[in-house]
Amino acid sequence: MALSSILQENIRYIEERLPVHSSFDLMTRHLYLGKTKAYFLGINGFCKTDVLQQVFSDLQNPMYMSDNYVEAIEDYMNSKIGYAQTSLSDSWDEIIRNVLSGPAVLFIDGFTRAVLIDVRTYPARGIEEPDLERVTRGARDGFVETLLFNANLIRRRVRSPELVFAMHSVGAESKTDVAVAYLENTVNRELLEKLSAALDSLLATSLTMGAKSLEELLLRKHWWNPLPSMQMTERPDVACSYLAEGHILVLVDNSPQVLILPCTIFQFTQNPEDYYKSPAVGSYFRMVRLLCIPVSLLLLPLFLLITAHFPDTAREWDLLTDTGLTPQRLFFYVLAVEFLLDLFKYSSSLSSGKFSGSLSVVGGLIIGDIAVTLNWATTDVLFYAAVTLLSSLAITDTDFSDAIRLYRILLILAAGLGGLPGFLVCAALILLSAATTPTFGGFSYFWPLFPFNGRALCTLLFRRPTSKAQPSRVWNRGRPR
């Protein structure tokens, strides 16, 4: 719907569309530009009031305003409004969307276009280092909930003329700004076009949980695929490293998390800490972290399987100090300790930072000792469970670690109830679940293992020196499925 040239009709339409009389944060002003009537609309708190005051003061200054009437709105905007970010619009949908996003609008009598003045400013927290991706040395900044700040953090590191931030609007009610960042000379055009089409056609009311809601809307998975299909990061240096390799970044307003496309399972084994250490040390800790994945997944289930169903082997390997435990009691011990460890991890992660460390350590010692005393657990089970927990905490990505935990619980149940056949069947189902994990764009989830790319696999497994790790070209992932 287009604007009317009669100012009063435009004001009447605004009062029908927006609660200007009942909502305290909507600002309106009747102005005179010389002898021409005008009307201002903006949101209190989203507009830089000092800039608006200067603009209005100039527009209504008799010495500055020599013309009694506004003859041409474009010439008037270019010559009289001394602010950089101004534009004209004749669409009500665009005007309403901009006003609710932060820019102010100025309607002038006699014209079917309005002046948009982008004086928006958002409340924002500091760009401190994200808690889940801390490093001992290196950059200490992190993404925040303001889209423009996040784009500035990326632009500051990648000062390339090829860097593009394409804007989209998602959500019928929320109209959330979503920016797609990519490098023109390295981006996969097929993936970019598919992503842009998907963003423009999404049927959603709002992105209630920011980037996480957008992830689930872009890629709908089955319940038997708990592994994450998109990598998310809150570190600008991590996002820019993927950007330089030809990946696409998706930034969502009001969310500090940035989506990285396309995604493979090996991306969840990476950590920026590797690149702030020497290549040898970084490669060593990367190997340790990779080893923690099978340890976290298999240690407790294999311990239960061997001790409960193969007691001779357990005695030969000295896996248990108490050889008189029945398989049923061992099964109960492992399930109880698994539940207690998950409870400690969950409660400590949600509690205040002042208490989380002491809560997890003291609580673990007290409850572990009492559990052994009350014959609810044994020291052997507590030891293997503690190693499992440490291995789980060593996995960088929390979504990937949580998926491994679900797989581990299924293996424990299968080993306890079905023995070796149940364990093998469950392991096969887990492999099938991982193999069928979908990715946006249809790329292989196990690249560069499948399709095989030896050089890319070595780059992922070992920390290479910076001089040899510069991407001279984008890795060929093969054609999408």
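Residues numbered from 1 in each chain as written. Predicted model: local features only at pLDDT ≥ 70, side-chain atom pairs only at ≥ 80, totals over all residues. Heavy atoms only, no water.

1. Structural notes on the overall build of the protein
For step 1, the next point in the chain: A count of helical and extended segments in the protein gives 16 helices and 10 strands.
For step 2, the next point in the chain: Classification of the 481 residues of the protein by burial places 46% in the buried group.
For step 3, the next point in the chain: Sequence separation of at least 24 residues holds for 65% of the intrachain contacts in the protein that already meet a minimum separation of 6.
For step 4, the next point in the chain: Total accessible area on the protein is roughly 25,000 Å²; 59% of this is exposed by carbon and sulfur atoms. (Helix = DSSP H or I, 4+ residues; strand = E, 2+ residues; numbered from the N terminus. Buried < 20%, exposed > 50% of the residue type's maximum accessible area, 1.4 Å probe, protein only. Contact = heavy atoms within 4.5 Å. Areas by Shrake-Rupley, 256 points an atom, 1.4 Å probe, with all protein chains shown as cover.)

2. Describing helix α8 (residues 236-244)
For step 1, the next point in the chain: Of all 9 residues in α8, 7 are buried, a share of seventy percent or more.
For step 2, the next point in the chain: Within α8, the full set of buried residues consists of Pro 236, Asp 237, Val 238, Ala 239, Cys 240, Tyr 242 and Leu 243.
For step 3, the next point in the chain: Against the buried residues of α8 lie α5 (147-157), β6 (163-170), β7 (176-183), β8 (231-233), β9 (248-252) and β10 (258-261).
For step 4, the next point in the chain: Where α8 terminates, the next one or two residues include Gly 246, which has phi positive at roughly 100°.

3. Focus: empty space enclosed by the protein
For step 1, the next point in the chain: In the structure shown here, the tally under the stated rule is 1 cavity of 30 Å³ or more.
For step 2, the next point in the chain: Lining of the largest cavity is provided by Leu 300, Glu 338, Leu 341, Asp 342, Ala 385, Thr 388, Leu 389, Ser 392, Arg 405 and Arg 408.
For step 3, the next point in the chain: Elements represented by at least two residues in the lining of the largest cavity include exactly α11 (327-350), α13 (379-394) and α14 (398-435).
For step 4, the next point in the chain: Per-element accounting of the lining of the largest cavity gives the leading share, 4 residues, to α13.
For step 5, the next point in the chain: Looking at the lining of the largest cavity residue by residue, the classes come out as 4 nonpolar, 2 polar and 4 charged. (1 Å grid on protein atoms, 1.4 Å probe; cavity = no way out; pocket = protein on both sides within 12 Å on 5 of 7 lines; lining within 4 Å. Points joined across faces, edges and corners; volume = space filled by probe spheres on them. Nonpolar A, V, L, I, M, F, W, Y, C, P; charged D, E, K, R; others polar.)

4. A short note on the packing of aromatic side chains
For step 1, the next point in the chain: Under the defined criterion, the tally for this structure stands at 11 aromatic pairs.
For step 2, the next point in the chain: Following the ring pairs from residue to residue traces out a cluster consisting of Tyr 13, Tyr 39, Trp 92 and Phe 107.
For step 3, the next point in the chain: Lying over the aromatic face of Phe 440, Lys 194 brings its terminal NZ or CZ to 5.7 Å of the ring centre. (Phe/Tyr/Trp six-rings, centres within 6.5 Å; stacked < 30°, edge-to-face > 60°. Lys NZ or Arg CZ within 6 Å of the ring centre and 35° of its normal.)

5. Things to note about the sheet that holds strand β1 (residues 26-33)
For step 1, the next point in the chain: Pairing in this open sheet of 5 strands is antiparallel, and the strands run β1-β2-β4-β5-β3 from one edge to the other. In this open sheet, the two strands that pair with only one neighbour each are β1 and β3 (86-89). Pairwise comparison of adjacent strand axes, ignoring direction, gives a mean angle of 25° for this sheet.
For step 2, the next point in the chain: For β1 and strand β2 (residues 36-43), the ladder comprises 8 bridges, and the chain directions are antiparallel. (Pairing = 2+ DSSP bridges. Axes fitted to C-alpha atoms, helices over the stretch in contact; angles between N-to-C directions.)

6. Digging into the confidence of the model for the protein
For step 1, the next point in the chain: Residues with a pLDDT of 70 or more make up 89% of the protein, whose mean pLDDT is 84.
For step 2, the next point in the chain: Helix α12 (residues 353-373) is the least confidently modelled element of the protein, averaging 57 in pLDDT, while β9 averages 95, the highest of any element. (pLDDT = per-residue confidence, 0-100.)

7. Section: the nonpolar core
For step 1, the next point in the chain: One finds Leu 227, Leu 300, Phe 303, Leu 304, Val 334 and Phe 400 to be the most contacted residues of the largest nonpolar core, which totals 42 residues.
For step 2, the next point in the chain: Those elements that place two or more of their residues in this core are α9 (279-309), α11, α13, α14 and α15 (454-461).
For step 3, the next point in the chain: Considering each element in turn, this core owes the most residues, 12 residues, to α14.
For step 4, the next point in the chain: With near-sequence residues (within four places) excluded, Phe 303 lies in contact with Leu 319, Leu 320, Val 334, Asp 380, Val 381 and Tyr 384.
For step 5, the next point in the chain: Membership of the second largest hydrophobic core comes to 25 residues, among which are Leu 191, Leu 202, Met 232 and Ile 248. (Core = buried A, V, L, I, M, F, W, Y, C linked by side-chain atoms within 4.5 Å.)

8. A word on the environment of Asp 397
For step 1, the next point in the chain: Considering the arrangement of structural elements, one finds Asp 397 in the loop between α13 and α14.
For step 2, the next point in the chain: Classification of Asp 397 by relative accessible area gives buried; the value is 13%.
For step 3, the next point in the chain: Along the backbone, Asp 397 and Gln 231 are 166 residues apart, and their C-alpha atoms lie at a distance of 8.6 Å.
For step 4, the next point in the chain: Excluding its chain neighbours within four sequence positions, the residues that come into contact with Asp 397 are Pro 228, Met 232 and Phe 268.
For step 5, the next point in the chain: One polar contact links the side chain of Asp 397 to the main-chain amide nitrogen of Asp 399, over a distance of 3.0 Å. (Polar contact = N/O pair within 3.5 Å; in protein donor to acceptor, adjacent residues only side chain to side chain.)

9. Thoughts on the packing of α9 against α15
For step 1, the next point in the chain: Two numbers describe how α9 lies on α15: the axes approach to 9 Å, and their chain directions differ by 95°. Here α9 is positioned roughly perpendicular relative to α15, judged by the angle of their axes. Contacts from Arg 286, Met 287 and Leu 290 in α9 reach Thr 459, Leu 460 and Leu 461 in α15.
For step 2, the next point in the chain: For the contact of α9 with α15, a count of residues per class yields 4 nonpolar, 1 polar and 1 charged. (Parallel < 35°, antiparallel > 145°, perpendicular 65-115°, else oblique.)

10. Structural notes on helix α7 (residues 211-218)
Since the α-helix packs 3.6 residues into each turn, any two residues three or four apart lie on the same face.
For step 1, the next point in the chain: Ala 211, Ser 213, Leu 214, Glu 215 and Leu 218 are the residues of α7 that are buried.
For step 2, the next point in the chain: The elements touched by buried residues of α7 are β7, α6 (189-201), β8, β9 and β10.

11. As for the pattern of salt bridges
For step 1, the next point in the chain: One pass over the full model with this rule turns up 15 salt bridges.
For step 2, the next point in the chain: The residue Arg 408 makes a salt bridge to Glu 338 at a minimum N-O spacing of 2.8 Å. Taken together, the residues Arg 408 in helix α14 and Glu 338 in helix α11 connect sequence positions 70 residues apart. Of the two residues, Arg 408 and Glu 338, both sit in the buried class.
For step 3, the next point in the chain: Linked through salt bridges whose partners overlap, the residues forming this network are Glu 129, Arg 134, Arg 140, Arg 235 and Asp 237. (Salt bridge = Lys/Arg side-chain N within 4 Å of Asp/Glu carboxyl O.)

12. Describing a nonpolar patch on the surface
For step 1, the next point in the chain: On the surface, Val 281, Tyr 284, Phe 285 and Val 288 cluster together into a nonpolar patch covering about 350 Å² of accessible area.
For step 2, the next point in the chain: By the element assignment, Phe 285 lies in helix α9.
For step 3, the next point in the chain: On the basis of relative accessibility, which here comes to 40%, the residue Phe 285 falls in the partly exposed class. (Patch = residues over 30% accessible without salt bridge, like charges linked within 9 Å, V, L, I, M, F, W, Y side chains within 5 Å.)

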